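# Report on the structure
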Amino acid sequence: MTVRLHWFLPTGGDGRTLVDRHAYGPNDARKGAGVRAPDIAYLAQIAKAAEQLGFEAVLTPTGTWCEDAWLTTAALAQHTERLKFLVAFRPGLLSPTLAAQMAATYQRVTRGRLLLNVVTGGDSAEQRRFGDHLDHDQRYERTDEFLSVVRGVWRGEPYDFDGAHYRVEGGLTALPPDPVPQLFFGGSSAAAGPVAARHADVYLTWGEPPAQVQRKIDWIRSLAEREGRTVRFGIRLHTISRDTSAEAWATADRLLDDLDAGTIAAAQAALGRSESVGQRRMLELHGGSRDRLEIHPNLWAGVGLVRGGAGTALVGSHAEVADRIEEYHALGVEHFVLSGYPHLEEAYWFGEGVIPELSARGLLDRTAAPVAGGGAPLLVSGGR
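Since this is a predicted model, take the numbers as computed values, not measurements.

## Concerning the packing of helix H1 (residues 40-53) against helix H12 (residues 343-360)
The N-to-C vectors of H1 and H12 enclose an angle of 5°; their axes lie 9 Å apart at closest approach. The angle between the axes of H1 and H12 places the two elements in the roughly parallel class. Here H1 contributes Tyr 42, Gln 45, Ile 46, Ala 49 and Leu 53 to the contact with H12, which in turn contributes His 343, Leu 344, Ala 347, Tyr 348, Gly 351, Glu 352 and Ile 355. Among the residues forming the contact of H1 with H12, the class breakdown is eight nonpolar, three polar and one charged.

So this is what it looks like as structure tokens:
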């Protein structure tokens, strides 16, 4: 099992700070200089950099304050040659048969460059913006049915389904996707685990300390075994990698410079209203305090003081960041979905610093290493 590396597309905007870097959303009226709009020209720079540096795919988020992932990545596919797109979407906001058809079309148009990130949704207020009024556990029940229909429809022959949330008669995709997109799925609640066990190709967790990640892996693996399935594992992390450890930690400290107590308290109150168990686990890593943010060697919880979703970063020299990736990999983590502020520059710091370290340790498929002066060969592949 080699390490599989993915990057992130900031389709809500990008910048050099943890706050006021979104082009859309409540902070639009006060966004300052340095906020990078997520137009195709900028996102194409990131996508091309990721492809050249040797990343396999890029994750694109879903939600109110970002561009639509399907449309954005379909456009970016025309600016890249091999890069795959890990498209995040929310079951329940579209028909499962239509989603299966969209995925099949996407695979043909891009010649097989689609991966899917299934985001059930942990915030009822966000879901209601889209007209979805189910509660947390009901959303996971619906996701279970949704993915059953999608996989059934992909068989290429009429498929019937009669459930609590969906009734489908003769659903099919006349031309099934080839290859069938791999499904990435995350969720830390009791309701999420069985869904992951039945449907996920890759179970994706946010960047908790290794001991906690090990317990999650053991949990999902045991559930999958009961279903007669094997699930692979991935982790979602930010990165701050520099030539020296001191430079990396200085960069992390600068990201906190703009954060006063009021900003942190307001963000923590908002994040605390989320129903997501994974989000609650992120908050528990730091408790809203700026003290003791290094919660494991080179694992920094500072991002989660004000940002939802993935709240931890790998911080250190290129060798130290490679050490931590190797540590997670030893637990069974194969896919690493990474990001950093700003995403263009941090892709180069990681790609030119950490990727050679991982390659030298034999953790990367050497046929997938970047080619000097040119594009990277294809990496064979499996919200944020």
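## Let's talk about the packing of aromatic side chains
Inspection of every chain in the model, using the stated rule, returns eight aromatic pairs. Aromatic pair Trp 70 and Tyr 106: ring centres 6.2 Å apart, planes at 70°, arrangement edge-to-face. Residue Trp 70 is located in helix H2 (residues 69-76), and its partner Tyr 106 is located in helix H3 (residues 96-110); the two are separated by 36 residues in the primary sequence. Given a relative accessible area of 12%, Trp 70 falls into the buried group. In textbook terms, an aromatic cluster arises when at least three aromatic residues are bridged by ring pairs, as seen for Trp 70, Phe 89, Tyr 106, Phe 146 and Tyr 166.

## Observations concerning the packing of H1 against H2
It is the contact of H1 with H2, at a shortest axis distance of 10 Å, that shows an interaxial angle of 70°. Comparing the axis directions of H1 and H2 gives the class roughly perpendicular. As H1 packs across H2, the resulting crossing turns out to be right-handed. Each of Ile 40, Leu 43 and Ala 44 in H1 lies in contact with H2, whose residues at this interface are Thr 72, Ala 75 and Leu 76. Here the contact of H1 with H2 is built from residues that sort into five nonpolar, one polar and no charged.

## Section: the pattern of salt bridges
Opposite charge on two side chains makes pairing possible when the charged atoms of those side chains draw close. Per the stated rule, a full pass over the model turns up 22 salt bridges. We note a salt bridge from Glu 208 to Lys 216, for which the minimum N-O separation is 3.4 Å. The salt bridge partner of Glu 334 is Arg 232, with a shortest N-O separation of 3.5 Å. One end of the pair, Glu 334, is in strand E13 (residues 333-339); the other, Arg 232, is in strand E9 (residues 232-242), and 102 residues separate them in sequence. We classify Glu 334 as buried; its relative accessible area is 8%. You can call Arg 232 partly exposed: its relative accessible area is 29%. Each of the salt bridges in this network shares a partner with another, and the network as a whole consists of Arg 4, Glu 56, Arg 232 and Glu 334.

## Thoughts on the pairing of strand E6 (residues 167-171)
Within a regular beta strand, the side chains point alternately toward one face of the sheet and then the other, so they alternate between its two faces. Here three bridges tie strand E5 (residues 159-162) to E6, and the two strands are oriented antiparallel to one another. Looking across to E6, one finds that Tyr 159 is bridged to Gly 171. What sits between E5 and E6 in their antiparallel hairpin is a turn of four residues.

## Remarks on helix H10 (residues 277-284)
Within the span of H10, buried status applies to Val 277, Gly 278, Gln 279, Met 282 and Leu 283. The secondary structure elements touched by the buried residues of H10 are strand E8 (202-206) and helix H9 (261-272). The N-terminus of H10 is capped by Ser 276, whose side-chain oxygen sits 3.3 Å from the backbone nitrogen of Gly 278.

## Side note on the pairing of E9
The buried count for E9 comes to 10 of 11 residues, which makes it a mostly enclosed element. Bridge count between E8 and E9: five bridges; the pairing is parallel. Note on E9: the bridge partner recorded for Leu 204 is Gly 234. Looking at chain direction, E9 and E13 are connected through six bridges and run parallel. Bridge pairing in E13 places Leu 237 opposite Leu 338. Sheet topology note: the E9/strand E12 (residues 313-317) ladder contains five bridges and is parallel. Paired with Ile 240 across the strands is Val 315, a residue of E12.

## Things to note about the environment of Glu 67
Relative to the assigned elements, Glu 67 resides in the loop between strand E2 (57-60) and H2. Separated by 54 residues in sequence, Glu 67 and Gly 13 have C-alpha atoms that sit 9.3 Å apart.

## Considering the confidence of the model for the chain
In this model, the chain carries an average pLDDT of 91, and 92% of its residues clear a pLDDT of 70 or more. pLDDT under 50 marks residues 371-384. Its contacts with residues more than four places away, or in other chains, come to 47 contacts.

## Observations regarding H12
Over its 18 residues, H12 extends 25 Å from the first C-alpha to the last, a length consistent with the 26 Å expected when each residue adds 1.5 Å. The largest bend in H12 amounts to roughly 30° and is located at Val 354, with the proline Pro 356 lying one to four residues further along. All buried positions along H12 are accounted for by His 343, Leu 344, Glu 346, Ala 347, Phe 350, Gly 351, Gly 353, Val 354, Ile 355, Leu 358 and Ser 359. Those residues of H12 that are buried are in contact with strand E1 (4-8), H1, E9, helix H11 (318-331) and E13. Following H12 by one or two positions, Gly 362 has its phi on the positive side, about 75°.

Quick notes on the rules
Residues numbered from 1 in each chain as written. Predicted model: local features only at pLDDT ≥ 70, side-chain atom pairs only at ≥ 80, totals over all residues. Heavy atoms only, no water. Axes fitted to C-alpha atoms, helices over the stretch in contact; angles between N-to-C directions. Helix = DSSP H or I, 4+ residues; strand = E, 2+ residues; numbered from the N terminus. Parallel < 35°, antiparallel > 145°, perpendicular 65-115°, else oblique. Contact = heavy atoms within 4.5 Å. Nonpolar A, V, L, I, M, F, W, Y, C, P; charged D, E, K, R; others polar. Phe/Tyr/Trp six-rings, centres within 6.5 Å; stacked < 30°, edge-to-face > 60°. Buried < 20%, exposed > 50% of the residue type's maximum accessible area, 1.4 Å probe, protein only. Left-handed = near helix turned anticlockwise from the far one by under 90°. Salt bridge = Lys/Arg side-chain N within 4 Å of Asp/Glu carboxyl O. Pairing = 2+ DSSP bridges. Polar contact = N/O pair within 3.5 Å; in protein donor to acceptor, adjacent residues only side chain to side chain. pLDDT = per-residue confidence, 0-100. Expected span 1.5 Å × (residues − 1). Bend = angle between axes of the 7 residues up to and from the residue.

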